[in-house]
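# Per-entry structural report
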Amino acid sequence: MTTMASESPDVLMSGAPAPRRPEPSEPDVRRHELADFLRSRRERITPEQVGLPRGPRRRTPGLRREEVAQLSAVGVTWYTWLEQARDIQVSPQVLDALARALLLDRTERGHLFSLAGAVDPSPGADCPSITPALREMLRQLDPIPACIQNSRYDILAYNRTYGRLLCDLDAVDPDDRNCMILSYTNPQWRAAVVDLPEMNRVMAAKFRRSMAGHLAEPAWKALLGRLEAVSPEFRELWARHEVVGPGGRTKIFRNAHVGLLRLDHTDLWLGPSSGPRMVTYTPADDETAQRLRRLQALEPAEV
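Let us look at the structure shown here. The structure displayed is predicted, hence computed values, not measured ones.

## Describing the layout of surface pockets
A volume near 520 Å³ is recorded for the largest pocket. Lining the largest pocket are 31 residues; nearest its centre among them are Gln149, Tyr153, Lys206, Asp267 and Arg277. Among the secondary structure elements, those contributing two or more residues to the lining of the largest pocket are helix 10 (196-211), strand 3 (250-255), strand 4 (259-269) and strand 5 (277-283). For the lining of the largest pocket, the element with the most residues is helix 10, which contributes six residues. Grouping the constituent residues of the lining of the largest pocket by class yields 14 nonpolar, eleven polar and six charged.

See the structure below:
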């Protein structure tokens, strides 16, 4: 005789199958993972770490929700909903504020944006295309200046000589290592370019062509907004609506340490033409080749 205990748990006493709970959708899973991640990061931070008083009656481990909301300049209710995995929209700007408030490192920040299904607008975000092999290739190319850029002109990696070619790139904040920003705002970089007006005209035209495929992306819009805010020269060039395709040419730089350099510019694409590329500057004459070797040999204190 079969007893009730031997029945499947999915069968009702009447013998009809019990209704199964629907599997959670990917957005549901992401929201709950995001909520758990935010909660875990909040609970590990002490008030003292972010300049807040502890107070005598604190029982919450780490920060309170309202403190995270205060530090991020968002509403307490909105942040509470976020930790409750509610279906709400989160902008990249808010995610950036949360990452700063929760003292996330680069890996944690990338995880936050990934869970939220958003693109990190920070140029310093890790690029998966920069492999150890590519970094070794850059090193082996020295004294030929070489770097890896994306189509937004962020400088993702570079070798010793490239880091000394137009300015002391090691001294530049990682968020400012972008050829557009440097070419329109950095005095050392601008002084090293012999034909700066023409180079900037071409760069603005190339940037406009590249941006056509990324008009809605936060990182691109943030870069464009920054350039328009800080550079009247860029605003004037941008208003022309010129477009120029990719292509190499000879460029002339006046390096502060070794003098005039004539270099043949080449883009080596690492994927689709709109993606990352290795940029190289091979010497156009023997004198430039000798000067590049001298530039590479300089000690850091001399740069």
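That covers the picture; the talk isn't over yet.
## A look at the packing of helix 4 (residues 92-101) against helix 5 (residues 106-116)
Contact pair helix 4 / helix 5: the axes reach a minimum separation of 10 Å and the direction vectors enclose 145°. Both helix 4 and helix 5 take part in a crossing whose hand is right-handed. Here Pro92, Leu95, Asp96 and Ala99 of helix 4 lie close against helix 5, whose contacting residues are Arg109, Leu112, Phe113 and Ala116. Class assignment of the residues belonging to the contact of helix 4 with helix 5 gives a composition of six nonpolar, no polar and two charged.

## Considering the sheet that holds strand 3
Two strands in a sheet stick together by hydrogen bonds in their backbones, pointing the same way (parallel) or opposite ways (antiparallel). Strands sit in the order 2-1-5-4-3 across an open sheet of five strands; the sheet is antiparallel. Only two strands of the sheet have a single neighbouring strand rather than two, namely strand 2 (155-158) and strand 3. Shown here is a sheet whose adjacent strand axes are inclined to one another by a mean of 30°, direction ignored. Of the pairings in the sheet, the one linking strand 4 to strand 5 comprises seven bridges and is antiparallel in character. When the bridges of strand 5 are listed, Thr266 appears paired with Thr280. Against the sheet, helix 13 (residues 286-297) engages strand 3, strand 4 and strand 5, with an angle of about 85° to strand 4.

## A few points about the pattern of salt bridges
Applying the stated criterion to the full structure yields 22 salt bridges. A salt bridge links Asp36 to Arg39, with the nearest nitrogen and oxygen atoms 2.9 Å apart. Placement of both Asp36 and Arg39 in helix 1 (residues 26-44) is noted, with a separation of three residues, approximately one turn of the helix. A salt bridge links Arg240 to Glu236; the shortest N-O distance between them is 3.1 Å.

## With respect to the nonpolar core
Soluble globular proteins: nonpolar side chains tend toward being buried together. Ranked by size, the top nonpolar core spans 39 residues in total, and within it Tyr162, Trp189, Phe207 and Phe234 carry the most contacts. If sequence neighbours within four positions are ignored, Tyr162 has contacts with Pro145, Ala146, Cys147, Gln149, Ile155, Leu169, Cys179, Trp189 and Tyr281.

## Structural notes on the packing of aromatic side chains
Under the criterion given, the structure shown has seven aromatic pairs. Each ring, one from Tyr158 and one from Tyr162, has its centre 6.4 Å from the other, and the planes form 45°; the classification is tilted. For Tyr162, a relative accessible area of 3% corresponds to the buried category. For Arg208, the ring lying beneath its charged end belongs to Trp238, and the centroid distance is 3.8 Å. Cation over ring: Arg277 sits above Tyr153, and NZ or CZ is 5.2 Å from the ring centre.

Thresholds, definitions, all that
- Residues numbered from 1 in each chain as written.
- Predicted model: local features only at pLDDT ≥ 70, side-chain atom pairs only at ≥ 80, totals over all residues.
- Heavy atoms only, no water.
- 1 Å grid on protein atoms, 1.4 Å probe; cavity = no way out; pocket = protein on both sides within 12 Å on 5 of 7 lines; lining within 4 Å.
- Points joined across faces, edges and corners; volume = space filled by probe spheres on them.
- Helix = DSSP H or I, 4+ residues; strand = E, 2+ residues; numbered from the N terminus.
- Nonpolar A, V, L, I, M, F, W, Y, C, P; charged D, E, K, R; others polar.
- Axes fitted to C-alpha atoms, helices over the stretch in contact; angles between N-to-C directions.
- Left-handed = near helix turned anticlockwise from the far one by under 90°.
- Contact = heavy atoms within 4.5 Å.
- Pairing = 2+ DSSP bridges.
- Salt bridge = Lys/Arg side-chain N within 4 Å of Asp/Glu carboxyl O.
- Core = buried A, V, L, I, M, F, W, Y, C linked by side-chain atoms within 4.5 Å.
- Buried < 20%, exposed > 50% of the residue type's maximum accessible area, 1.4 Å probe, protein only.
- Phe/Tyr/Trp six-rings, centres within 6.5 Å; stacked < 30°, edge-to-face > 60°.
- Lys NZ or Arg CZ within 6 Å of the ring centre and 35° of its normal.

The quantities given are spatial measurements derived from coordinates; they are silent on function.
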